[in-house]
Structure formats: C-alpha cells, structure tokens
Amino acid sequence: MSAQSGISVKTAEKLNSALPIDITAAQVQHYPELVKLLTELSQSITPEGISVQVKQELEQAEEELRHEKHSWLLQHTLYKEIEEFLIDSELRSQDVALSPDDKQFHTMLQECLTFSEIGDYLRCSPDPSCKVNLLGLTEESIHNQNPHRKNLAYLQQKLIPQIEERLADKCENLQNFQDVDNALDSSPTLAKSSQLPALMEAQKRKLEEDRQQLERLRMAKEKQFQTYYQTLLDSLHLLEELISKYRLQNQTEHDTVSAEWLVGKCDGLCLKIKLIELQILSDTYTHETTKALQQIKNTLHGAKVEAEKSKTYVTKTLQTYESLGSEFDDLVMEYQTLKEEMDNKEWALSELQKSAS
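Anyway, here's the lowdown on the structure attached to this text.

What counts and how
Residue indices begin from 1 for each chain and proceed along its sequence in written order. Note on the predicted model: pLDDT of at least 70 is required for a residue's local features to be given, and 80 or more for side-chain atom pairs to be given and counted; whole-chain, interface and lining totals, by contrast, use all residues. Side-chain numbers come from the whole structure's heavy atoms, not from hydrogens or water. Helix and strand definitions follow DSSP, with helices as H or I runs of at least four residues and strands as E runs of at least two, each counted in order from the N terminus. Buried residues are those whose accessible area, probed at 1.4 Å on protein chains only, stays under 20% of the maximum for their type, while exposed residues exceed 50% and partly exposed ones sit between those limits. Residues are treated as being in contact if the distance between any of their heavy atoms lies within 4.5 Å. A 1.4 Å probe and the Shrake-Rupley method give the accessible areas. Residues count as covered only by the protein chains that appear here. We count a salt bridge whenever a side-chain nitrogen from Lys or Arg sits within 4 Å of a carboxyl oxygen from Asp or Glu. Any cysteine sulfur atom paired with another within 2.5 Å is treated as part of a disulfide.

Counting its regular elements, the chain contains 11 helices and 0 strands. Out of the 357 residues belonging to the chain, those deemed buried represent 10%. Here the contacts in the chain between residues at least 6 apart in sequence split such that 48% fall between residues at least 24 apart. Of the roughly 29500 Å² of accessible surface on the chain, a fraction of 59% belongs to carbon and sulfur atoms.

In structure tokens form, the structure reads like this:
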C-alpha cells in the first residue's frame, strides 16, 4: 500500500512539473484514466500550456526578432553616437574656434546625416510591404542629391576612429559602473569591456534563473497550501465523525442518566412536600382544636337546620299567598296604605300633643 502511494506521489509530481496543473496523489489513485490522458498531453504540451510545435515556432520567431533587434540597435547606436559627436563639436566651437578642415568635416557630416535621415521618411504607409514612397522619391535618388557622396570614403576614414574612441570610453565607463568591486584594478579596461556582453548575458541568465526559482517556490507554496488545506479538511471530517460517533452517543447515555436522576429527585421533592404538608396539618389541628371545631360544626349544622326549616315555612307561606290571586295583592296594597295613613296621623297627633304641652 505504501509502495502504491509512493508511485502515486511521484506520478503527481511529474505531471505537475510537465503541465500547468495541480493534481494530488489521491486523485492519481482515484482517476487512472485522467492520469493517462494527462500523460499523453504532457508529450505534446509544454509546462507553459502551449503545444510543442507552437513553442518551436515561437522560439524561431523570437530568434529572428532578436537578430533584427540586434541589427537595429547597432544602427541606432551609431546614429545616436554621430548625433552626440555633432552636438559636442557644435558646443566646442562656441568655446574654441575650429580649424577650416574641422568646420568642413562637421558641415559635410551634418549634411550627409540629414540626407540619410530623409530616407527614413520616404515610406509613409505603416505597412512594411507597401512600396509607395513620398512624392515618388527613392533612397537612391536622395543619395544622388547628396553633394558629398564622392567624399564618403574621406568622411568614414576620419569619423570611424573618433566614433570608436568615443564608444570605447563609454564601454569603459559602463564597465567601471558594472564592475564596482574592481574599479581600482590597473588592468586595461578596454579588454574588460569586450567581456561586457558576456557579463550582461550571464547576469540576464542569473536573473532568469532567479525568476524561475521564484516561480518554482511560488508553485511549491501553492501546492503546500493545497496540501495543508486538504489535510485540514480531512481533519475536520475526522473530527466530525468522532463527535458524531462518540460524543453524541455518550451524550445520549449521559442525558438518559441525568433524566432518571432528575425524575428520582423530583419524586423525592414531591414526597418531602407531602410530608411538610402533613406536618403543618398535624401542628395546626391539635386534639383541643379538633373538639372546638367539632362543636362549631354542630352549631353551624343546627343553625343550618333551623334556617332550612324557616326557609321551608316562608316558602309555604308565599305559596299560600300566591294561591289567593290578585285580590290578596289589592288587600295588601290597601293595608299598606292604611298603615301609612295611621302612621301619619300618629305623627300629627304626637306633634299636637307636643304643641299643647
């Protein structure tokens, strides 16, 4: 089992390095058909995610671009150097008077450079394949208009040493700037400056290697993060299983025992309350209190019997009166009227007696 896991890990690392993917050893074991497909793709796709043929074409195009760029940089460097030479000569002429030969050389060089610059403006179309020129002019016709075309050999013979000297000085300055640690070395700097392209190329390779190393470290960091993240998920899943299997099961048993204990405690409290109730009743109703309450009960019972008898008598009397009908009501009303008149006359008689006395 461990040997199988080791093979899966190596396969995952191989696929991750050959393709821009991040596959784990567990996925390699679970999806063999996917691993087979990725292995076939790794033979025709580069780690950058492009096909091998496209990468070859891209490298060829980059090589052609590098060559063209190199040629352009050479011409551009010479052009800029001639411009600086003319500017330096112009500035020097303001401080020190130039000889007639130097003035003539400066004028001829300036005019030749101007005619050379005109040739760059003949093609107005941005399409490099277009052959239409400005006003129908050609570089040959512009060259024929140059009055100094017969003196180009003289100009080159005098200009090239000065340009070489200026470029050598700049290379020495660049070498001194680049190699600060050996700036005090007495060895010829020009010989060192000839090694400057190789030194710059080595530095570029070192920077590229550092960049690739950083990219590998970034990918390794991402893989490590994925590994830690997956490990964390697995740990959480295992923790959930442990909780559901052991914690919840024990919790159920604990709850059952707790419920039984609470039921027993509740029953004990109920019995205790009943005992307290009986104790209160026993303390409240003593033998003497019971005899007194019995006498009160008998008295109340006798009063209740007498009240019921009186109620029965009154009820029968009312029923007798109700049986007499409305004539009895008239007699009662007349009796009440006579009783009120008698009371009034007794009051008036008593008042007269008071007045007489």
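Inspection of the entire model under this criterion finds 12 salt bridges. Ionic pairing is found between R166 and D88, a salt bridge with its closest N-O pair at 2.9 Å. Here the residue R166 occupies a position in helix α7 (residues 152–178), and D88 occupies one in helix α4 (residues 52–95), the gap between them amounting to 78 residues. The exposure class assigned to R166 is buried, which follows from its relative accessible area of 19%. D88 sits in the partly exposed class, given a relative accessible area of 31%. Sharing partners across several salt bridges, the network here consists of E81, E84, D88, R166 and K170.

Considering all chains together, one arrives at 0 disulfides under this definition. This cysteine, C266, is not joined by any disulfide, and C270 carries the nearest cysteine sulfur, 4.3 Å off. Overall, the relative accessible area of 45% leaves C270 in the partly exposed class.

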